[in-house]
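Coordinate inspection notes
This is what each chain is made of:
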Amino acid sequence: MHTFYSPSGNAEIWEEKPDGYITQEEWDAARAAEEAAAEAERLAEYNKPENARIRKYAEINEGCQAALAALTATYPDRELLTFERQEREARALLAGDSAADVTHITAIAQGRGIPVEELAQKIIAKADAFAVASGSIIGQRQALEDRLDACTTEEEVRGITVNISMPGGGEA
């Protein structure tokens, strides 16, 4: 017994292929052709000249996202979620706020085997460096967006080169 597809697309089991029915291979080829046609249509729409601005916005945002991600690439995601708390505790500790809750950075310092004050200084140094680096990257993205907003032709839009660099010169 073989599977054949009726003209309405129903899979049916038959000993021999009925008239107007297609084989599994023909069905698969027809679906692949439909998917390819749909993808070609999607790409044709995406690549229309009037969509050049949308594509450039996406390119700018992807460049920014990649550069920002590079700043924290060496940290586990869950640790990233604690950065604001670490900074808040570190700044409070070094400001002499005796009522501040510093349990998180105290536990980290104990785990590292260093004084909590030393850890607080390291946290603030990294937080300040991140603020400068991320600010520079975000500023570059916004400058590119300003240039894009000022474009009046598709040629001007295509002429924008997205190159978001890390502070200090390196590319993201």
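Below is a summary of the structure that appears in this document. Because the structure is predicted, anything quoted here is derived from the model rather than measured.

Looking at the nonpolar core
- Of all hydrophobic cores here, the largest spans 13 residues; its most connected members are Ile137, Leu144 and Ile164.
- Here this core gets 4 residues from one element, more than from any other, and that element is helix H2 (residues 52-71).
- Formed by 10 residues, the second largest nonpolar core is a distinct cluster that contains Val102, Ile114, Val116 and Ala120.

A word on the packing of aromatic side chains
- Enumeration over the complete set of coordinates arrives at 3 aromatic pairs.
- Taken together, a centroid distance of 4.2 Å and an interplanar angle of 5° make the contact between Tyr5 and Trp27 stacked. Separated by 22 residues along the polypeptide, Tyr5 in strand E1 (residues 2-5) and Trp27 in helix H1 (residues 24-46) bring together distant segments of the chain.
- Its relative accessible area of 10% is what places Tyr5 among the buried residues.
- The lysine or arginine in question, Arg31, covers the ring of Trp27, its NZ or CZ lying 3.8 Å from the ring centre.

Concerning the sheet that holds E1
- Pairing is antiparallel across the open sheet formed by 3 strands, whose spatial order is E2-E1-E3. One side of each edge strand has no neighbouring strand; the edge strands of this open sheet are strand E2 (11-14) and strand E3 (22-23).
- Alignment of E1 against E2, held across 4 bridges, turns out to be antiparallel. Within the sheet, the bridge partner assigned to Tyr5 lies in E2 and is Ala11.

Observations concerning the state of the cysteines
- For the structure on display, the rule yields 0 disulfides.
- Free of any disulfide, Cys151 has its nearest neighbouring cysteine sulfur in Cys64, separated by 18 Å.

As for the packing of helix H5 (residues 103-112) against helix H6 (residues 116-150)
- It is at 9 Å that the axes of H5 and H6 come closest, and there the two elements cross at 110°. What the angle tells us is that H5 and H6 run roughly perpendicular. From H5, Ile105, Thr106, Ile108, Ala109 and Arg112 reach across to H6, where they touch Val116, Leu119, Ala120, Lys122 and Ile123.
- Each residue belonging to the contact of H5 with H6 can be placed in one class, and the counts come to 7 nonpolar, 1 polar and 2 charged.

Examining the environment of Arg55
- Of note, Arg55 is situated in helix H2.
- Residues within four places of Arg55 in sequence aside, it is in contact with Tyr46, Asn47 and Lys48.

So, how was this worked out
Residues numbered from 1 in each chain as written. Predicted model: local features only at pLDDT ≥ 70, side-chain atom pairs only at ≥ 80, totals over all residues. Heavy atoms only, no water. Core = buried A, V, L, I, M, F, W, Y, C linked by side-chain atoms within 4.5 Å. Buried < 20%, exposed > 50% of the residue type's maximum accessible area, 1.4 Å probe, protein only. Helix = DSSP H or I, 4+ residues; strand = E, 2+ residues; numbered from the N terminus. Phe/Tyr/Trp six-rings, centres within 6.5 Å; stacked < 30°, edge-to-face > 60°. Lys NZ or Arg CZ within 6 Å of the ring centre and 35° of its normal. Pairing = 2+ DSSP bridges. Disulfide = S-S within 2.5 Å. Axes fitted to C-alpha atoms, helices over the stretch in contact; angles between N-to-C directions. Parallel < 35°, antiparallel > 145°, perpendicular 65-115°, else oblique. Contact = heavy atoms within 4.5 Å. Nonpolar A, V, L, I, M, F, W, Y, C, P; charged D, E, K, R; others polar.

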